[in-house]
Amino acid sequence: MRLSVTARIALLSIALALVSNLVLVGFVWKQTDAAVLGTVRRETIEQSDAMRAIYRADGLTAVTEAIEHARVAGDTALLLAVLDRSGTRIAGYAPARIPVPLTPTTFRVADFDPGAATNDIGYTLRPIGDHWLLTGRRLDLVEAERHAIEDALAVAVLLSLVLGVAAGLVLARYVGMRLNRIAAVIEAAGEGDLSRRVPVAPARRDAFDRLANQLNLMLAKLERLMVELRVVTDSMAHDLRSPLTRLRTKTEQAVLIADPAAREAALGGLLVETDLVMRMLTMVIEISRSESVSRERFILVEPAELVEEIAELYEPVAEEAGFAFTVAIDPSAPAMLLHRELLSQAITNLIDNALKHAASGKTLTLRLVCHAQEIAIQVEDRGSGIAVADRAQALKRFGRLDAARTTPGAGLGMALIEAVARLHNGRFELADNVPGLVARIVLPVT
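Residues numbered from 1 in each chain as written. Predicted model: local features only at pLDDT ≥ 70, side-chain atom pairs only at ≥ 80, totals over all residues. Heavy atoms only, no water.

Trainee: A description of the nonpolar core should follow, citing residues and the corresponding values.
Mentor: Where a protein is soluble and globular, its nonpolar side chains tend to be buried together. Membership of the largest hydrophobic core comes to 41 residues, with the highest contact counts inside it found for Leu-343, Ile-347, Ile-351, Leu-364, Leu-366, Phe-428 and Ile-441. If you list the elements that add at least two residues to this core, you get helix H6 (303-320), strand S8 (336-338), helix H7 (340-357), strand S9 (363-370), strand S10 (374-381), helix H9 (413-423), strand S11 (427-432) and strand S12 (437-444). The element contributing the most residues to this core is H7, with eight residues. What Ile-351 contacts, discounting residues up to four positions off in sequence, is Ile-310, Tyr-314, Leu-364, Leu-366 and Val-379. (Core = buried A, V, L, I, M, F, W, Y, C linked by side-chain atoms within 4.5 Å. Buried < 20%, exposed > 50% of the residue type's maximum accessible area, 1.4 Å probe, protein only. Helix = DSSP H or I, 4+ residues; strand = E, 2+ residues; numbered from the N terminus. Contact = heavy atoms within 4.5 Å.)

What follows is the structure in structure tokens.
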């Protein structure tokens, strides 16, 4: 059976709580045992050293007397005795016979008192003259603490399970709620509703909020693209109807014309209408390509050289159209990663629009301006310009102002320019030139 994500998270939290508590209690058990045993070792060695000092000063009798006075009433854990060479107790407090090898021992733990409730004894064994001095202590306290910690360990395991289950359920519910919100929005998007968004708490900004924010940005972009697609589809259907109707009418007329010269003229009109339709379709393809192109196709370009090349290409065209064409290039513009072909297309569209719609001004300027963090490529004319209220319409696909209805075109040139600027993380601006218009592509310096 495959467990859900929330169930796996709950089990993981339970396991982590259990393991962490086991490790913690085990560490406490180990450290406490070592500390108590270290205390017994230190006291045993100190007591052995004290008795040997008494022996060296006053002899065996003084040691025996000191042993009689060393034991506190009721302290049955203390071992302090003088043994003969065979290990038999001569004086003091110890088993009648010590069943361990009679060799000098600084400190060790052994079981040589089978009749006692606690068999482990920590002891030292050192020679004093022809006898042996035994000092030590039964490890009753250590054993009691061990049992207490083991009992605590069992309780801790049960508490870990209970707390782990509770924490796992709370965590699983929390994660499940957050994931369900995201899943609900994704399901709605799959059913065609791109307007829903995942709630995001700006103050929290955890991993779920970052995921939700990225998903919201993606849905917003998809929604915008879908809206633009519907607008493009509707606009293309509307704008292509007229040229296609004219194309059909002229075709029918050309078929019925008997005069070769008149038929030739009619066929020329067919070519004009066909070229208009082809330009519209080509422009739509260019816009779509600019919105989906990969940044891997960007190359290092000198903006000044690019603008200068386009200026040399359009200077005779502008002069032939009766414009005074000037170029102003800031040479300090740095080399940048750009899509050369699409940016060139956007700049030429700026110039074409100015030549087409600003004929009354007869003055045209192509300018490259470099700022601290961005560059601007702009075309300035002295025509009638575009009113502030109409600029949003001018930037839409197939958006044509009333003043431009009499000129050939499909209203896609500025939409392509804006798409290219957006591809470069820049923007496309329209501003007043008083009189005239400044159409500006602003790109960040990276």
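Trainee: Would you mind going over the side chain of Glu-380 in detail, with residue names and values included?
Mentor: Position of Glu-380 relative to the elements: it lies in strand S10. Exposure remark for Glu-380: the relative accessible area of 12% places this residue in the buried category. Polar contacts involving the side chain of Glu-380 include one to the side chain of Arg-367, which spans 2.7 Å. In this view, Glu-380 contacts Thr-363, Leu-364, Thr-365, Arg-367, Asn-433, Leu-437 and Val-438; residues no more than four positions away in its chain are not counted. (Polar contact = N/O pair within 3.5 Å; in protein donor to acceptor, adjacent residues only side chain to side chain.)

Trainee: Go over the environment of Ala-166 with me, naming the residues and quoting the values.
Mentor: Tracing the backbone shows Ala-166 in helix H3 (residues 140-190). For Ala-166, a relative accessible area of 38% puts it in the partly exposed group. For the pair Ala-166 and Ala-10, spaced 156 residues apart in sequence, the C-alpha to C-alpha distance is 8.9 Å.

Trainee: Give me a nonpolar patch on the surface: which residues, what numbers.
Mentor: Side chains of Leu-24, Phe-27 and Val-28 sit close together on the surface and give an oily, nonpolar patch of about 290 Å² of accessible area. Within the element layout of this structure, Leu-24 appears in helix H1 (residues 5-58). Leu-24 sits in the exposed class, given a relative accessible area of 52%. (Patch = residues over 30% accessible without salt bridge, like charges linked within 9 Å, V, L, I, M, F, W, Y side chains within 5 Å. Areas by Shrake-Rupley, 256 points an atom, 1.4 Å probe, with all protein chains shown as cover. Salt bridge = Lys/Arg side-chain N within 4 Å of Asp/Glu carboxyl O.)

Trainee: Before we move on, can you summarise H7 with the specific residues and values?
Mentor: Over its 18 residues, H7 runs 26 Å from end to end, which matches the ideal 26 Å to within 8%, given 1.5 Å per residue. Those residues of H7 that sit buried are Leu-342, Leu-343, Ser-344, Ala-346, Ile-347, Thr-348, Asn-349, Leu-350, Ile-351, Asn-353, Ala-354 and Leu-355. (Expected span 1.5 Å × (residues − 1).)

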